[in-house]
Amino acid sequence: MQKNILDQFSLRDRVIVLTGGGGLLGRQYAHDLASAGAHVVIADIHDAESIAADVSDKSGVRALGIVTDVSDKTSVTALIDQVVRAFGRIDGLVNNAAIDPKMDEDSRRQHTITFEDYPVELFDQSLAVNVRGMFLCAQAVTPIMLAAGRGSIVNVSSTYGLVGPDQRLYEHDDPNIPPTFKPVAYSVTKAAVLGLTHYLSAYFMGKNIRVNTLTPGGVYNHHDDEFVRRYSARTTLGRMADKGEFSSGLLYLLSDASSYMTGANLVVDGGWTTW
């Protein structure tokens with residue numbers, strides 16, 4: 001009997017480890033993956049347990065929150081050990097945790113630093129989370145997936161890992177406001193994600209473990225009107241994304257619907273990289 005194509009998108013009873021589940025997109029991913037039937041393990045340095053409780057309450061499937069520092073090998077090992085004890089398996093890993101300084105009071109200073117003055121300490125912090133964190137998490141789940149003979153890993157990149165930031169977006173019309181920039185560390189580390197995906201995809205050749213990249217574009221998060229206008233003008237769809245518009249791509253990459261896809265980069269950017 002021919003399979004129903006919609007069944008290929010189901011994640012029913014699969015165990016998905018989601019790092020960075022406390023962020024804007026991470027929370028959305030957690031809820032949407034659970035609605036597809038997955039048992040979601042939310043790993044984040046903040047709020048992991050409370051987010052998992054909310055996901056379980058709203059979806060009816062079991063979610064687990066584990067406080068994790070993805071840049072620390074001991075913390076990542078403890079995460080994976082706890083997941084295996086709780087569920088006995090890991091079907092998917094979403095490497096979503098990342099440092100991406102926002103234009104808020106806590107991070108605004110980073111955006112005023114020119115490339116020539118960018119501190120190596122900040123660069124190393126991004127490397128530790130955005131690159132080493134993905135490496136450690138992928139390394140930790142590899143024995144489980146190899147033993148099971150299957151698995152899917154999704155590494156989350158950014159359009160700024162494909163093309164350089166358009167620094168004009170961060171200019172100000174008011175000459176009294178200091179110029180701001182998208183920091184160099186974010187672009188460099190998100191470009192490295194693509195290299196990790198290619199390496200792992202080739203490494204797992206013939207092992208039925210697929211590794212792909214999801215590359216989201218800019219998502220609206222109460223940005224000021226001028227930034228939204230400038231950003232929207234750079235996309236062929238003429239707008240920023242809603243936070244729920246990337247989950248279908250993630251679901252596709254984790255599910256059997258993408259069973260013949262590995263080493264690829266699924267770009268969901270509203271046409272940002274068209275030109």
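Higher on the page you've got the structure.
Position numbers for residues start from 1 in each chain and track the written sequence from start to end. Only residues with pLDDT of 70 or above have their local features reported here, since the model is predicted, and side-chain atom pairs are shown and tallied only from 80 upward, although totals for entire chains, interfaces and linings are computed over all residues. The side-chain values count all of the structure's non-hydrogen atoms but skip hydrogen atoms and water molecules.

Side chains of residues three or four places apart in an α-helix project in the same direction, reflecting 3.6 residues per turn. What helix α7 (residues 225-233) keeps buried is the set Phe227, Arg230, Tyr231 and Ser232. Think of a polar contact as two N or O atoms within 3.5 Å of one another; within protein, one of them needs to be a possible hydrogen donor and the other a possible acceptor, and neighboring residues in sequence only count if both atoms come from side chains. Numbering of helices and strands runs from the N terminus, with a helix taken as a DSSP run of H or I at least four residues long and a strand as a DSSP run of E at least two residues long. Put simply, Asp224 is the residue that caps the front of α7, since its side-chain oxygen is 3.1 Å from the backbone nitrogen of Glu226. In this scheme, a residue with accessible area under 20% of its type's maximum is buried, one over 50% is exposed, and one in between is partly exposed, where area comes from a 1.4 Å probe on protein chains only.

To continue, consider the sheet that holds strand β3 (residues 64-67). If you trace the 7 strands from one edge of the open sheet to the other, you get β3-β2-β1-β4-β5-β6-β7, paired in parallel fashion. Two strands lie at the open edges of the sheet, namely β3 and β7 (265-268), each paired on one side alone. The sheet shows a mean angle of 20° between the axes of neighbouring strands, direction not considered. The sheet contact formed by strand β1 (residues 15-19) and strand β2 (residues 39-44) spans 5 bridges and is parallel. Each pair of strands is called paired provided DSSP finds at least two bridges between the two strands. Only the contacting stretch of a helix is used when fitting its axis, a line to C-alpha atoms as for every element, and angles between N-to-C directions run 0 to 180 degrees.

With that settled, the discussion passes to the layout of surface pockets. Gaps between atoms show up when a probe of the same size as a water molecule is rolled over them. Taken as a whole, the second largest pocket spans an internal volume of roughly 150 Å³. Forming the boundary of the second largest pocket are Phe135, Ala138, Gln139, Thr142, Leu196, Tyr199, Leu200 and Tyr203. Only α5 (120-148) and α6 (184-203) provide two or more residues apiece to the lining of the second largest pocket. By residue class, the composition of the lining of the second largest pocket is 6 nonpolar, 2 polar and no charged. Here a cavity is any set of points on a 1 Å grid over the protein atoms alone where a 1.4 Å probe fits but cannot get out, and a pocket is any open set with protein on both sides within 12 Å along at least 5 of 7 lines; a residue lines the site when it has an atom within 4 Å of a point. Grid points are joined across faces, edges and corners, and a volume is the space filled by probe spheres set on the points. When residues are sorted by character, Ala, Val, Leu, Ile, Met, Phe, Trp, Tyr, Cys and Pro go into the nonpolar class, Asp, Glu, Lys and Arg into the charged class, and all the rest, Gly among them, into the polar class.

A word on the side chain of His39. Checked against the element boundaries, His39 lands in strand β2. Taking the relative accessible area as the measure of exposure, His39 reaches 17% and is therefore buried. Ignoring sequence-local partners within four residues, the contact set of His39 consists of Asp13, Arg14, Val15, Ile16, Val61, Arg62 and Phe87. Only heavy atoms matter for contacts: two residues are in contact if any of them lie within 4.5 Å across the pair.

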